[in-house]
Amino acid sequence: MIELRGAATGYGAIPVFENMSFAVGKGSAMAIAGPNGAGKTTLLLLMAGMLPLWRGAMHVAGNDVSALGAEERIGVGVVLCPEGRRIFSTLTVEENLQLGATTIRRSLHRSGVRRAINDGLEQVYSMFPILRERRHGSGGALSGGQQQMLAIGRALMSRPAVLLLDEPSLGLAPLIVDEVYAHLEELKRSGLTIVVVEEAASRVMSFADTALVLRNGRVILQGDAKEVSEHLDLAKAYVGGGAG
Amino acid sequence: MMVASLQVIVDGLSIGSTYALLALGLSLVFSVMGFVNFAYGSLIVWAGYAIAVTDSVGAPYALTILVMVVFTVVLSIAMGRFAFRPFITAPPATLLLTSFGVALALQAVAIFVFGEAPRHVPTPPVLIESVSVGGVRISLLQILALGLSVIVLVALNLLIQRTTFGIEIRAAAEDSKAAQLMGVRPPKVLLVVFAISGVVAAVVAFVWFARIGTVDPRADLTPTLKAFIAVVLGGLGTIRGPVIGGLLLGLFESVLASFLTTNLLAFQSAFAFGLVILVLILRPQGVAGRVVELAK
Ligand SMILES: Nc1ncnc2c1ncn2[C@@H]1O[C@H](COP(=O)(O)OP(=O)(O)OP(=O)(O)O)[C@@H](O)[C@H]1O
Ligand SMILES: [Mg+2]
């Protein structure tokens, strides 16, 4: 569904990674783990079209999307829930969701837009009933967990095929993390392709099908999530630290 | 006494409502781009020249105003497109400096084209003749100034609070990168914001020149300063702040004008700046805004 081949990018003239390749099949989930500064966020920003591809290519559903910018990436179905959620506190909960439908509003004909957005809102509200309750309140007034639900809901409003999540469990209580992942399971079952970045590998590995471990912009482990996870545990056991 | 203070309030509110619009135009660009656009007053000056030039070829007053509005909006969009959009990802301090450059360049061009001498900007007498309402003198222009300000404010508020484009503007103002991740096009938002601020500048210019009757190349300083003082008084980053600041400044000036003797009146601006310094010391976020810097 989404594939990177020999991808390179960075900031200014400084590369973060030089040669990144992987593929994620439709309806499956890939975990990306690694310590601080490994390049996880950079990788997601690259996939979301916020950073230019220096070399290599990115394909979505077989189409080369390498040259597309952020807005057009959403158009081809790739959307990012950014690190720190970045909920707009000057917007209400519902306006945050409306904003998620910005590309839908542009791509559809007038009459279709209202229906599409109402359907989208309905879908998000039935998945996250708390958002319906709080829909007229400020996005900034939600708890961390609710903000994460809103960030996911907002992303879903663009009707994505591929959902990218940057540290969705950051700062959340374990129970809430489980709730977030339960929703991600549900989305995956419905056919969504998901890429999740987490610094702490444990929770995401049991959710993902495949996994990638980064360190300093290099892939140090790649493959089946279960195997990668076992490798990480082993490494931890021996070195008392490791990449997870 | 009653009538005299009513007169001060009427005069203050009418000029204050114009300051409010000026401040709002400045604040709008600030919210989205994060810098105070010092070239804002240049729009007003060029709007004045648009009226003067159209008038000099014999066009009727209504047409001069129409030409001025179109010209001002186009100039504002051009300013956003060519002076600021290329630096959209640069730090706001860069944009602040760019805006000084734009103001100087527009002034130089005005001097080159029109010369230093002030030019006459026509005003139909009916606009400035005052009638007495219960002893309070009020002109059609004052009523128009207030009315237009209310209309612009209500329209702007509806646009920003009630439309999906308003959601995009507010999102881009709060967090441009995150807005982009949601499909918002910041360059487009920039142009629309400059267009809106151009409309606001045109409305201000109409009232402004009808009142003072002349334009010269250095006349950009006064509106820029008034807007600046008003946003400092009221606070940036909201719609309410600049409006309150503008009205306060208008009332303050009007009160001063009624108290000060003629030879002290020359120092009116000095008093206004004194007020600004006082507000900055006592309440740096303004009466109704948040703490901000010239370039955030
Ligand atoms: N805006 C930026 N400009 C320059 N360098 C950056 C920028 N953002 C990140 N970097 C650098 O790129 C490298 C990768 O950073 P990145 O944010 O992708 O790491 P990460 O794996 O997401 O880390 P974390 O777990 O802290 O989120 C780091 O060396 C970082 O210093
Ligand atoms: Mg990161």
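Residues numbered from 1 in each chain as written. Chains lettered and ligands numbered in written order. Predicted model: local features only at pLDDT ≥ 70, side-chain atom pairs only at ≥ 80, totals over all residues. Heavy atoms only, no water.

### Observations regarding the overall build of chain B
Argument step 1. Across its full length, chain B carries 13 helices and four strands.
Argument step 2. Relative to a compact globule of 296 residues, whose C-alpha radius of gyration would be 19 Å, chain B shows 19 Å and is just as compact.
Argument step 3. Here the C-alpha coordinates of chain B stretch approximately 60 × 50 × 35 Å along the principal axes.
Argument step 4. The burial tally for chain B puts 52% of its 296 residues in the buried class.
Argument step 5. Only carbon and sulfur atoms are counted for the fraction: they give 73% of the accessible area of chain B, which is about 12,900 Å².
Argument step 6. Of the charged side chains in chain B, 16 are positive and 11 negative; the average position of the first set lies 9 Å away from that of the second. (Helix = DSSP H or I, 4+ residues; strand = E, 2+ residues; numbered from the N terminus. Rg over C-alpha atoms; globule rule 2.2 N^0.38 Å. Buried < 20%, exposed > 50% of the residue type's maximum accessible area, 1.4 Å probe, protein only. Areas by Shrake-Rupley, 256 points an atom, 1.4 Å probe, with all protein chains shown as cover. Lys, Arg positive; Asp, Glu negative; His and termini not counted. Charge placed at Lys NZ, Arg CZ, Asp CG, Glu CD.)

### Some remarks on the coordination of the magnesium ion (ligand 2)
Residues and elements named next belong to chain A.
Argument step 1. Donor atoms from the polypeptide that coordinate the magnesium ion (ligand 2) comprise Thr 41 (OG1) and Glu 83 (OE), at 1.8 to 2.6 Å from the metal. One end of the pair, Thr 41, is in helix α1 (residues 40-47); the other, Glu 83, is in the loop between β6 (78-81) and α3 (93-100), with 42 residues separating them in the sequence.
Argument step 2. Owing to a relative accessible area of 34%, Glu 83 belongs among the partly exposed residues under this scheme. (Donors = N, O, S within 2.8 Å, 3.2 Å for Na, K, Ca; no water.)

### Some words on the interface of chain B and chain A
Argument step 1. Taken together, the contact between chain B and chain A spans 18 residues of the former and 23 residues of the latter.
Argument step 2. Together chain B and chain A conceal approximately 1,900 Å² of surface at their shared face, both sides included; 61% is due to carbon and sulfur atoms.
Argument step 3. For chain B, the biggest contributors to the area lost against chain A are Glu 174, Leu 181 and Met 182 of chain B; these three give 38% of the whole.
Argument step 4. Here chain B and chain A share four salt bridges between them.
Argument step 5. Ionic pairing is found between Glu 168 of chain B and Arg 106 of chain A, a salt bridge with its closest N-O pair at 3.6 Å.
Argument step 6. In this structure, the connection of chain B to chain A is made through seven residue pairs in polar contact (both at pLDDT 80 or more).
Argument step 7. Secondary-structure elements contributing two or more residues to the side of chain B that touches chain A are α7 (164-174) and α8 (176-181) of chain B.
Argument step 8. At six residues, the largest contribution of residues to the side of chain B that touches chain A is made by α7 of chain B.
Argument step 9. Among the residues forming the side of chain B that touches chain A, the class breakdown is seven nonpolar, four polar and seven charged. (Contact = heavy atoms within 4.5 Å. Buried area = accessible area lost by both parts, 1.4 Å probe. Salt bridge = Lys/Arg side-chain N within 4 Å of Asp/Glu carboxyl O. Polar contact = N/O pair within 3.5 Å; in protein donor to acceptor, adjacent residues only side chain to side chain. Nonpolar A, V, L, I, M, F, W, Y, C, P; charged D, E, K, R; others polar.)

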